[in-house]
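Observations on the model geometry
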Amino acid sequence: MGQPFTDVRAIIEDKTGTIWLGGTNGLWRYDGITFTNVTRNFVGYIYEDKKGNIWTSSETARGWVLSRYEANTLSNKTPTVTELNPKEGRMLLGILEANDGSIWFGADGVYRYDGSRITDFKK
């Protein structure tokens, strides 16, 4: 890589033993030998779901997105990613998978993604 990581916001180890780092320098994968940059977008949170998909909250040119990196492509140089933009411009905080497989996350409230739509829970 040539220079040290700065401002790392999230670190996880997935089920396969791969280390994922996220922060100002983007999303990085470490397989025990090599660091691989997955995206240069700022990453605030990283989460692995029961299926082995990696979820991140990251800041893109379009604003903050919730991204799902497909488990069966994680070792590829460029994994398959699906980006959801639930709250334009709003920072996404925290990610969690519920027992039913839905993904919950925070922004200016709490939200649930059930695989097809995002539900906004209001007081």
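In the block above lies the structure referred to throughout.
Here the structure is a predicted model, which means the values were calculated and not measured. (Residues numbered from 1 in each chain as written. Predicted model: local features only at pLDDT ≥ 70, side-chain atom pairs only at ≥ 80, totals over all residues. Heavy atoms only, no water.)

**Structural notes on the overall build of the protein**
On a plain count of helices and strands, the protein comes out with zero helices and twelve strands. With the principal axes as the frame, the protein shows a C-alpha extent of 45 × 25 × 20 Å. Relative to its full complement of 123 residues, the protein shows a buried share of 41%. Residue pairs in contact within the protein that sit at least 24 positions apart in sequence constitute 28% of those at least 6 positions apart. A total of about 7,100 Å² of accessible surface is found on the protein, and carbon and sulfur atoms cover 49% of it. (Helix = DSSP H or I, 4+ residues; strand = E, 2+ residues; numbered from the N terminus. Buried < 20%, exposed > 50% of the residue type's maximum accessible area, 1.4 Å probe, protein only. Contact = heavy atoms within 4.5 Å. Areas by Shrake-Rupley, 256 points an atom, 1.4 Å probe, with all protein chains shown as cover.)

**Some words on the nonpolar core**
Trp-55, Leu-66, Leu-92, Ile-95, Ile-103, Phe-105 and Tyr-113 are the most contacted members of the largest nonpolar core, which has 13 residues in total. Those residues in contact with Ile-103, other than ones at most four positions away along the chain, are Asp-49, Trp-55, Leu-66, Ile-95, Leu-96, Glu-97, Tyr-111, Arg-112 and Tyr-113. (Core = buried A, V, L, I, M, F, W, Y, C linked by side-chain atoms within 4.5 Å.)

**Quick word on the pairing of strand E7 (residues 63-69)**
Counting buried residues along E7, seven of its seven residues qualify, which places the element largely inside the surrounding structure. Pairing geometry for strand E6 (residues 54-60) and E7, over seven bridges, is antiparallel. If you follow Ser-57 over to E7, its bridge partner there is Leu-66. Where E6 hands over to E7, the hairpin turn is made up of two residues, counted between the paired strands. Judged from the four bridges that link them, E7 and strand E8 (residues 81-84) form a sheet pairing that is antiparallel. (Pairing = 2+ DSSP bridges.)

**Quick word on the pattern of salt bridges**
When their charged atoms lie close together, side chains carrying opposite charge are able to pair. For the structure shown, the criterion picks out four salt bridges. Two residues, Arg-9 and Asp-7, come together in a salt bridge whose shortest N-O distance is 3.0 Å. Measuring nitrogen to oxygen at the nearest pair gives 2.8 Å for the salt bridge that ties Glu-70 to Arg-68. (Salt bridge = Lys/Arg side-chain N within 4 Å of Asp/Glu carboxyl O.)

**Considering the side chain of Arg-29**
The topology assignment puts Arg-29 in strand E3 (residues 26-30). For the buried Arg-29, no salt bridge is present, and the opposite-charge side chain at shortest range is Asp-31, 6.0 Å distant. Polar side-chain contacts of Arg-29 include one of 3.2 Å to the backbone oxygen of Asn-76. (Lys, Arg positive; Asp, Glu negative; His and termini not counted. Polar contact = N/O pair within 3.5 Å; in protein donor to acceptor, adjacent residues only side chain to side chain.)

**Here's the deal with the sheet that holds strand E4 (residues 35-39)**
The antiparallel open sheet is built from four strands, whose spatial order is E1-E2-E3-E4. Every interior strand has two partners, whereas the edge strands, strand E1 (8-13) and E4, have only one. Neighbour-to-neighbour, the strand axes of this sheet turn through a mean angle of 20°, independent of strand direction. Two strands pair when backbone bridges link them, and strand E2 (residues 19-23) and E3 are joined in this way by five bridges, in the antiparallel orientation. (Axes fitted to C-alpha atoms, helices over the stretch in contact; angles between N-to-C directions.)

**A word on the sheet that holds E7**
Taken in spatial order, the four strands of this open sheet run E5-E6-E7-E8, and their pairing is antiparallel. Each edge of the sheet is formed by a strand with only one pairing partner; in this case those strands are strand E5 (42-48) and E8. The average angle at which neighbouring strand axes cross in this sheet is 25°, direction not considered.

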